[in-house]
Amino acid sequence: MNIFKSRKFKHGSLATALTVCLIAAVVLVNVVATLLLERFPWSIDLTGSGNYSLSEEAIEFAEQVQEEVTITVLYDKQQFANLGGYYEQCQILMEQFPQYNPNIKIRYMDLYEHPEFESQYPNLNLEMGNVIVESARRTKLLTFYDLLSFVYNSTTQQVMIAGSTTEQAIVSALLYVTDENPATVSVLTGHEETDLTALTNILASNSYQVVTQNILREQINPEADMVVICAPMTDYTDEEMKKLDAYLNNDGQFGKNLIYIASADQSLEALPNLMAFLEEWGIAVTDNLLVETDTSMMYYNEFFSLQSIASNSDYSHVIEDTSGYFVAPYSREVETLFSSDQNRKTQVLIQSSESTVLLPYDRLTEGGETWDPSTAEKKQAATAAVGLRSATGASDEISRVFVFGSAQSFDQSILSAAAFNNAEYILGLFNTIFDKEDTIQIVAKELGGLSLNLSAQSIQVLTVTFMFIVPILVLAAGIGVWFYRRHL
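Residues numbered from 1 in each chain as written. Predicted model: local features only at pLDDT ≥ 70, side-chain atom pairs only at ≥ 80, totals over all residues. Heavy atoms only, no water.

The next point concerns the sheet that holds strand β2 (residues 104-108). Backbone hydrogen bonds hold the strands of a sheet together, and the pairing may be parallel or antiparallel. An order of β2-β1-β3-β4 is seen for the 4 strands of this open sheet, with the pairing classed as mixed. The sheet terminates laterally at β2 and β4 (139-142), the two strands that pair on one side only. Across the sheet, the mean angle from the axis of one strand to that of its neighbour is 15°, orientation sign disregarded. In terms of strand pairing, strand β1 (residues 69-73) meets β2 through 5 bridges, oriented parallel. Residue pairing for β2: Val-73 is matched across the bridge by Tyr-108. (Pairing = 2+ DSSP bridges. Helix = DSSP H or I, 4+ residues; strand = E, 2+ residues; numbered from the N terminus. Axes fitted to C-alpha atoms, helices over the stretch in contact; angles between N-to-C directions.)

Okay, structure coming up:
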């Protein structure tokens, strides 16, 4: 009898073939599904605020990246996920960027297992948990303090994680490493200046290179596109003034920028050199403080006046909505000394309402008891202006000196307030000066709500179940069927 032609063989062979095909199909589906999930954003986020999903703005930006960028997480992938909470959320968000653009890749590197990796970045102080974002142009190092936001609990005297800033940190890094020509901003110190951390954080988050220089000891970086001086309490020396003049002149090429920020805490009599310098650019910071008499134009009190963007300057449309307000607390009056003069001209940028009156500084220091705002003359006063100078006055390269009358306009509490246009206007001003496209604003994410995202342990269970247990059960069932059919 030919067993190859027997009924048992035919049925048994068919059952075996079907079993093998089914097993192969299950394995293939799992492998393909795993690859697709790594490449495409098929995960489901059920949190009400999308805590585990990239925002539309971030997705749109990621899709536009045209250069190859590598995100390197200095941690073991599984151990990073096992940290749970915000750290797991960080990982989930970072791994979504490559899903929207094959130019963006992510990898994990455990420094304990690969200590030699650190030698590839001799200029970076690498630590476990850091994230390196790099392109062929440049590299950006992110720490946990960039990926997460923290808040100090005065009751427990502990620093607590308040939310995830991973999304904006990665977007900012992508902006920085792919920018063809990032602008450099140099913040000058050495004269008891007011802290500018809030401003420098915004600039750094929008692909600007921010450095700090001590004007007492250093020459101004000739590669800097902008220098910032924030409310110095002591005057610049003649030698330091020469540094400023040389920087703005730029060997006759001009094309440089300076922002000077005044404060009500300064004594202008102690700053004759700096005040004379500003006047050469057609701008004067006066001893008068703005006081608002219209309660509808106040925010906190009469010194927190709401300012409007001047409509007739070259920088009146640096933001889309010019109807909002710029708040300038305790602002000094900023005067323009002329509109144009040969190769120089000035423009008002920010101005008060027409119901503003001016309080002489000496009256403020005396307590102001003898000063009555109702008897003072009302006027529309400027709180920010710009002086421009070129070699000939024609449309060639120009240098600019921007003057703001209120250092508090740059405080974190003001720049982070959505009710005001301060942050939007200042960033828009920088972007306009350096011909940069509008950047995106992304809100920090806080954990909460129901999410379908699984823990590392659950992922392991599902992986073992569908990659091994289910195929083995199917194989066993197939073998059982084969033995059963063999004895029919």
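Still to come is the rest of the account.
As enumerated under the stated definition, the model contains 14 aromatic pairs in all. Judged by centre distance (6.5 Å) and plane angle (35°), the rings of Phe-80 and Phe-144 are tilted. Here Phe-80 is found in helix α3 (residues 77-82), whereas its partner Phe-144 is found in helix α6 (residues 144-147), with 64 residues between them in sequence. Of the two residues, Phe-80 and Phe-144, both sit in the buried class. (Phe/Tyr/Trp six-rings, centres within 6.5 Å; stacked < 30°, edge-to-face > 60°. Buried < 20%, exposed > 50% of the residue type's maximum accessible area, 1.4 Å probe, protein only.)

A word on the environment of Ala-136. On the secondary structure map, Ala-136 appears in the loop between β3 (131-134) and β4. Sequence separation between Ala-136 and Glu-68 is 68 residues; the distance between their C-alpha atoms is 7.6 Å.

Turning our eyes to something else, we now look at a negative patch on the surface. The grouping of Glu-56, Glu-57, Glu-60 and Glu-63 at the surface amounts to a negative patch. Tracing the chain through its elements places Glu-60 in helix α2 (residues 56-64). A relative accessible area of 48% places Glu-60 in the partly exposed class. (Patch = residues over 30% accessible without salt bridge, like charges linked within 9 Å, V, L, I, M, F, W, Y side chains within 5 Å. Areas by Shrake-Rupley, 256 points an atom, 1.4 Å probe, with all protein chains shown as cover. Salt bridge = Lys/Arg side-chain N within 4 Å of Asp/Glu carboxyl O. Lys, Arg positive; Asp, Glu negative; His and termini not counted. Charge placed at Lys NZ, Arg CZ, Asp CG, Glu CD.)

A word on the environment of Ala-264. Among the secondary structure elements, Ala-264 is positioned in the loop between β10 (257-261) and α10 (272-280). A sequence separation of 65 residues divides Ala-264 from Pro-329, and the C-alpha atoms of the two residues are 9.3 Å apart. For Ala-264, the residues in contact, after removing those within four places along its chain, are Leu-289, Tyr-330, Arg-332 and Tyr-361. (Contact = heavy atoms within 4.5 Å.)

A positive phi is found at Ser-207, a non-glycine position, where the angle reads about 70°. Relative to the elements of secondary structure, Ser-207 occurs in the loop between α8 (197-204) and β8 (209-214). Classification of Ser-207 by relative accessible area gives buried; the value is 1%. Of note, the phi angle at Phe-254 is positive, near 55°, even though the residue is not glycine. Residue placement: Phe-254 occurs in the loop between α9 (238-249) and β10. Relative accessible area serves as the criterion here: at 9%, Phe-254 is assigned to the buried category.

With that out of the way, let us pick up the nonpolar core. Membership of the largest hydrophobic core comes to 37 residues, with the highest contact counts inside it found for Ile-261, Tyr-315, Phe-402, Phe-404, Tyr-425 and Phe-430. Sorting the residues of this core by element identifies β7 (184-189), α8, β9 (226-230), β10, β16 (344-351), β18 (382-390), β19 (398-404) and α13 (422-433) as the ones contributing at least two each. Among the elements that make up this core, the one with the highest residue count is α13 (7 residues). When sequence neighbours within four positions are dropped, the list of residues in contact with Phe-402 reads Asn-257, Leu-258, Ile-259, Tyr-260, Tyr-315, Leu-349, Ala-385, Val-386, Leu-429 and Ile-433. Counting 32 residues, the second-largest nonpolar core is a separate cluster that includes Leu-54, Tyr-75, Met-94 and Leu-142. (Core = buried A, V, L, I, M, F, W, Y, C linked by side-chain atoms within 4.5 Å.)

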